[in-house]
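One letter stands for each residue in the lines below.
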Amino acid sequence: MDEQALLGLNPNADADFRQRALAYFEQLKISQDAWQVCAEALAQSIYSDDHIKFFCFQVLEHQVKFKYSELSEVQQQLIRETLITWLQAQMLNPQPEKTFIRNKAAQVFALLFVTEYLTKWPKFFFDILSVVDLNPRGVDMYLRILMAVDAELVDRDVVHTSEEARRNTLLKDTMREQCIPSLVESWYQILQNYQYNNSELTCQCLEVVGAYVSWIDLSLIANERFINMLLGHMSVEVLREEACDCLFEIVNKGMDPIDKTKLVESLCQVLQSAGLFSIDQEDDVDFLARFSKLVNGMGQALIASWTKLVKNGDMKSAQDTLQAIEAKVALMLQLLVHEDDDISSNIIGFCYDYLHILKQLSALSDQQKANVEAIMLAVMKKLTYDEEYNFENEGEDEAMFVEYRKQLKLLLDRLAQVSPELLLASVRRVFNTTLQNWQTTRFMEVEVAIRLLYMLAEALPVSHGAHFSGDVTKATALQDMMRTLVTSGVSAYQHTSVTLEFFETVVRYEKFFAVEPQHIPTVLMAFLDHRGLRHTSPKVRSRTAYLFSRFVKSLNKQMNPFIEDVLNRIQDLMELSPPENGYQALLSSDDQLFIYETAGVLIVNSEYSAERKQVLMRNLLTPLMEKFKVLLEKLMMAQDEDRQMALADCLNHAVGFASRTSKAFSNKQTVKQCGCSEVYLDCLQTFLPALSCPLQKEVLRSGVRTFLHRMIICLEEEVLPFIPSASEHMLKDCEAKDLQEFIPLINQITAKFKTQVSPFLQQMFMPLLHAIFEVLLLPAEENDQSAALEKQMLRRSYFAFLQTVTGSGMSEVIANQGAENVERVLFTVIQGAVDYPDPIAQKTCFIILSKLVELWGGKDGPVGFADFVYKHIVPACFLAPLKQTFDLADAQTVLALSECAVTLKTIHLKRGPECIQYLQQEYLPSLQVAPEIIQEFCQALQQPDAKVFKNYLKVFFQRAKP
């Protein structure tokens, strides 16, 4: 072997050596006989370096996995012998191999098993067992090989082909017949031999039993000798976690419901008499987490049995099973309420399914009602944050608690389905008690009290948030709690979790304020002062900015008395913070967007006159415009790139804020009706000069383009005079991405203003096309994926532009470009339909072609267009679908074919019998289509129902393709 290259296998080797080792590995994989060198190295223990041994196994693994069938009988025998020789050596070596080598060796054994067991090596396991006997190192390898075989055969995470799945089923069936009983016997011997003196091997063996139990005959394991041994392990500290998992797998195995109930019950009795149900005496949380998973498995197994028995109508056995379930509830509750969240989380499945049973019963016994209440109290208790939760810097533990809370929420929702009255009463009791004394109560209890009120909205759902009408008891309870929430002063609690929960709940129940509007000022003040937007925590300020905008939007009808006061109070929060003053603004620019939107909503939805609205909107936007002009001048003069970027960002924020205020307008409240057109036109005038700024083009163009999009939506034709100069600037020295983002703007104007913009479109049509073609013709690196993708997206945008122009009834925009240009454009569409394997673009091209045929294909169409139809459009309809890349099994391609059918139908519609004659006598014969098929094709094309022809066309091309 190349010793120099092997040096690079060491993780500490430098990059050049590592690169060389990788290249050497690739070389050996391709080589015909390199595997033999590796096999020899393993069999004769030539190398002592672990990384080289691992490397040799990797080469063998590749050979067995991908090139095994190429080997001769003798060579295959050599691989088998190599592995057995290596296995024998394991028992004699002074030191065991490293774990990663043993695992890799086990994988190679397993691959060989999958390949050879059914044909050349039926004694695979017996050969291994005869080598290892009960030698501890040999047993270790044997158990690792069993786990690797199980992973190959039943690993749910590996996606197998149907061929592999069939092979795996056959392997398992053969193993069940030929060797499973012997393997089970070997496991028993290993457990018996090592349970008291080698916990590592015992745990490994228990893991094997747990893995295989899901697909072998259960009676081999679920019998007295095995179960007694496992139960014995349950009281040995180093074995009990693995024994617990093994019992869980046994309980989890699918079987007859009555047998399953018996099995679970007998297990429970033994576990109980062994004292394992006394949770409070156990302080090993790792074991309890596994035990909780086991109890959860037993509970869910019994519930699955109950469901099947009820379905089968065996009510007597179902009743017995229900009693068995009820008997586990006390234990379930102990685990659910355990202070360790992992232990609690593991039992939630059983708890959830138990509630599902109660939901199906016609009436609940007193005990069942007590159980429901106990679960409810447990959930309320467990929802509570603990002292260690880090609110300012949430890490992995915090994320896990958030996930755990989501599981508890599902339980709460299920409780609401079983007994909504009880849930409402319990929450109300906890809420009122806590909020009466919130000043002296710990933050986590206050937070959870408000959180429960918040969660009721989803647990007791209503349509459109109408919690305060309908069911009187519920509406009154919620109304009372909301009143308490906003009048108790709890919004002043000095903890971020309570503050945020307060605002989240107020916004969730915004309909309360329509019923009791007298509380709006109190809540508005909380939003606006140190409790909300001016809180010391940036996290609270940020979330409040978003919630404030939702609150104002949802209550816009009730906001009128407070508008000017609110606008004055938020004025300082809307200041554009330029990069030079070093002053840290209270809100980030993203948060400020919500504040600007809120201001817009307040002004637009107010009951003021249009004149007053205009004044307020001008007051809101003028500071932005003034700041914009100053900053743009500074940017023009800035030398330092970082400073340029900071200024460009700030300019972009100004444009973004102005854009955001326009979101408040609607069809009922247009810019014109609110008298605000002039203000926004002034903004346009102020922002457009940024397009000609040579610095930070991408950032500035993107912001102004977004603003233009908004203005085209909000304004009427007043916006049109600004479009030509804006377009001119945006088309200067632009790249694929700029064009791709500019075209939707033109499409938007075309679709909205149609013929009004025809003169402008005619003028800018060719300059835009030249810019597009220039970028598309730029040479690109052969394997530059992103450049190829950008060109594909630009090509799509170009065709989308032509589709918008033709579809908006403005084909004259193209027609007036001069014969040469028109021809060039038409050829690009033909090329798009045929040459590029992009079904989305092809579909658009066929839509353009059918539209042009519809407009120009009649007797009075442009001179020469009829010729173009026959020479180019008709052939395109056949050449595109006949391409190998045109995949009729792909949904997008089928849509493209559908538009191709529409194009042919439109040609027939416009040209009549002449079209049929051309197809029959000239075009189809030139493709060597048989006369009877030509006849069939023309008949289908003449069918009045377009759908018939679409279906026919698909069949036609499926037949035509080899």
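Residues numbered from 1 in each chain as written. Predicted model: local features only at pLDDT ≥ 70, side-chain atom pairs only at ≥ 80, totals over all residues. Heavy atoms only, no water.

The chain is annotated in an unreviewed UniProt entry as Exportin-T of Zonotrichia albicollis. UniProt, in its Function (unreviewed entry) section for the chain, records the words "tRNA nucleus export receptor which facilitates tRNA translocation across the nuclear pore complex." Regarding the chain, the relevant UniProt record gives this comment under Sequence similarities (unreviewed entry): "Belongs to the exportin family." (UniProt positions renumbered as here; feature names shortened; annotations may be inferred.)

Student: Residues and numbers for the packing of aromatic side chains, please.
Tutor: Evaluation of the coordinates by the stated rule reveals 52 aromatic pairs. Both rings, one in Phe878 and one in Phe956, keep their centres 6.3 Å apart while their planes meet at 80°; by these two values the pair is edge-to-face. Note that Phe878 is positioned in helix H41 (residues 865-882) and Phe956 in helix H45 (residues 946-960), a separation of 78 residues in sequence. Just as Phe878 is buried, Phe956 falls in that class too. Ring centres 6.0 Å apart and planes at 35° place the aromatic pair Tyr952 and Phe956 in the tilted group. In this pair, Tyr952 and Phe956 both sit in helix H45, four residues apart, roughly one turn of the helix. Look at Phe956 and you get buried, because its relative accessible area is 7%. (Phe/Tyr/Trp six-rings, centres within 6.5 Å; stacked < 30°, edge-to-face > 60°. Helix = DSSP H or I, 4+ residues; strand = E, 2+ residues; numbered from the N terminus. Buried < 20%, exposed > 50% of the residue type's maximum accessible area, 1.4 Å probe, protein only.)

Student: Pulling in residues and values, what's your account of the nonpolar core?
Tutor: Within the largest apolar cluster, 341 residues are counted, with the highest numbers of intra-cluster contacts made by Met175, Trp187, Tyr212, Phe291, Phe878 and Phe937. No other element matches the 13 residues that helix H22 (residues 443-459) contributes to this core. Met175 has contacts with Phe113, Tyr117, Phe125, Leu153, Ile180, Leu183, Tyr212 and Trp215, leaving out every residue within four places of it along the chain. (Core = buried A, V, L, I, M, F, W, Y, C linked by side-chain atoms within 4.5 Å. Contact = heavy atoms within 4.5 Å.)

Student: Outline the environment of Thr484, supporting the account with residue identities and numerical values.
Tutor: If you trace the backbone, Thr484 turns up in helix H23 (residues 472-487). On a C-alpha basis, the gap between Thr484 and Gln518 in space is 13 Å, while along the polypeptide they are 34 residues apart. Sequence-distant contacts of Thr484, that is, excluding residues within four places in its chain, are made with Phe431, Asn432 and Leu435.

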